[in-house]
Amino acid sequence: MRIIRTENYEQMGRQAANLIAAQITLKPDSVLGLATGSSPLSTYRHLIELVRQGDISFDRVRTVNLDEYVGLPAGHDQSYAYFMRTNLFDSVGLDASRTNIPNGLAQDGDAECRRYDELIASLGGIDLQLLGIGLNGHIGFNEPDDVFVQGTHKVKLTDSTIQANKRFFEKEEDVPRYAYTMGIRDIMQARRVVLIASGKGKAETIARAFAGPVTPRVPASILQLHKDFTLVVDADAASLLP
Ligand code: F6R
């Protein structure tokens, strides 16, 4: 595990964008695993800037996103499909045929989870997976559990996640209760993993995940066992790391 400590959120985004840009430079047809939420916004802004400057191109890149809310159509302004289009895809010229995200409206949830795992396999796996981390240590929507769940699955969101995500919705009742998420095996099979975190609010989570035991009660802790894992944290999020 490598740790890159940065001064603040913007620098965290720049460092993560540089790692992704290096990946695309070395392998222009990379498969990138992507995340949503507040953490990756500065990373995506820096990537868009690198594309504008002509330093990198997403022309041959394909993407798979970690998760999607069950029940939200791709056009809903709180769906992760919409988030990705407006915060990255449209600005770097990634058209829908080269991006993938679980279908929140799938009729048959089990079939959708199987389809997603087969899709990742058919792309040859993920070259670089970008992750945020939930306050309870979740990655994707792999919530604390007694076991590490392997493949893509439907998950009931915990109260802590619903509380954390309600800021994006008009009312708490509007926050979907279920999501599809890649599983821990999907994430661990990525050839490189980069997790970004910023702010004092994440400090305790970061210390539990990366300076404590590996346990499914803190799902991100399994990344300690990944062969090519980089943690990019700002000073506040790193403040409780030894
Ligand atoms: C989002 C995702 C989640 C978030 C996590 C942190 O696709 O998979 O695990 O990364 O909930 O969210 P933020 O960045 O909003 O604190």
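What counts as what
- Residues numbered from 1 in each chain as written.
- Predicted model: local features only at pLDDT ≥ 70, side-chain atom pairs only at ≥ 80, totals over all residues.
- Heavy atoms only, no water.
- Helix = DSSP H or I, 4+ residues; strand = E, 2+ residues; numbered from the N terminus.
- Rg over C-alpha atoms; globule rule 2.2 N^0.38 Å.
- Buried < 20%, exposed > 50% of the residue type's maximum accessible area, 1.4 Å probe, protein only.
- Contact = heavy atoms within 4.5 Å.
- Areas by Shrake-Rupley, 256 points an atom, 1.4 Å probe, with all protein chains shown as cover.
- Pairing = 2+ DSSP bridges.
- Phe/Tyr/Trp six-rings, centres within 6.5 Å; stacked < 30°, edge-to-face > 60°.

**Q** Describe in detail the overall build of the chain, supporting the description with residues and values.
**A** When helices and strands are tallied, the chain shows seven helices and 10 strands. For the chain, whose C-alpha radius of gyration is 17 Å, the value lies close to the compact-globule estimate of 18 Å for 242 residues. Expressed as lengths along the three principal axes of its C-alpha atoms, the size of the chain is roughly 45 × 40 × 35 Å. Looking at the chain as a whole, 54% of its 242 residues are labelled buried. Here the analysis covers contacts within the chain between residues at least 6 apart in sequence; of these, 79% occur between residues at least 24 apart. Looking at the chain as shown, the accessible area adds up to about 10,700 Å², and 50% of this sits on carbon and sulfur atoms.

**Q** If you had to explain the sheet that holds strand β2 (residues 31–34) to someone new, which residues and values would you point to?
**A** Taking strand neighbours across the sheet as the criterion, the seven strands line up as β1-β10-β9-β6-β2-β3-β5 in an open arrangement whose pairing is parallel. The open sheet is flanked by β1 (2–6) and β5 (99–100), the only strands paired with a single partner.

**Q** Explain the packing of aromatic side chains to me, and be specific about the residues and the numbers.
**A** Taken as a whole and assessed by the stated rule, the structure comprises five aromatic pairs. Look at Tyr 69 and Phe 141: their rings are 6.0 Å apart centre to centre, the planes differ by 35°, and that puts the pair in the tilted class. Residue Tyr 69 is located in strand β4 (residues 67–69), and its partner Phe 141 is located in the loop between β6 (128–131) and β7 (153–156); the two are separated by 72 residues in the primary sequence. This pair shows no difference in class: Tyr 69 is buried, exactly as Phe 141 is. Between Phe 210 and Phe 229 the ring centres are 5.4 Å apart and the planes differ by 35°, which places this aromatic pair in the tilted class. Of the two residues, Phe 210 is situated in helix α7 (residues 203–210) and Phe 229 in strand β10 (residues 229–234); the sequence distance between them amounts to 19 residues.

All quantities given are derived from atomic positions and should not be read as evidence of function.
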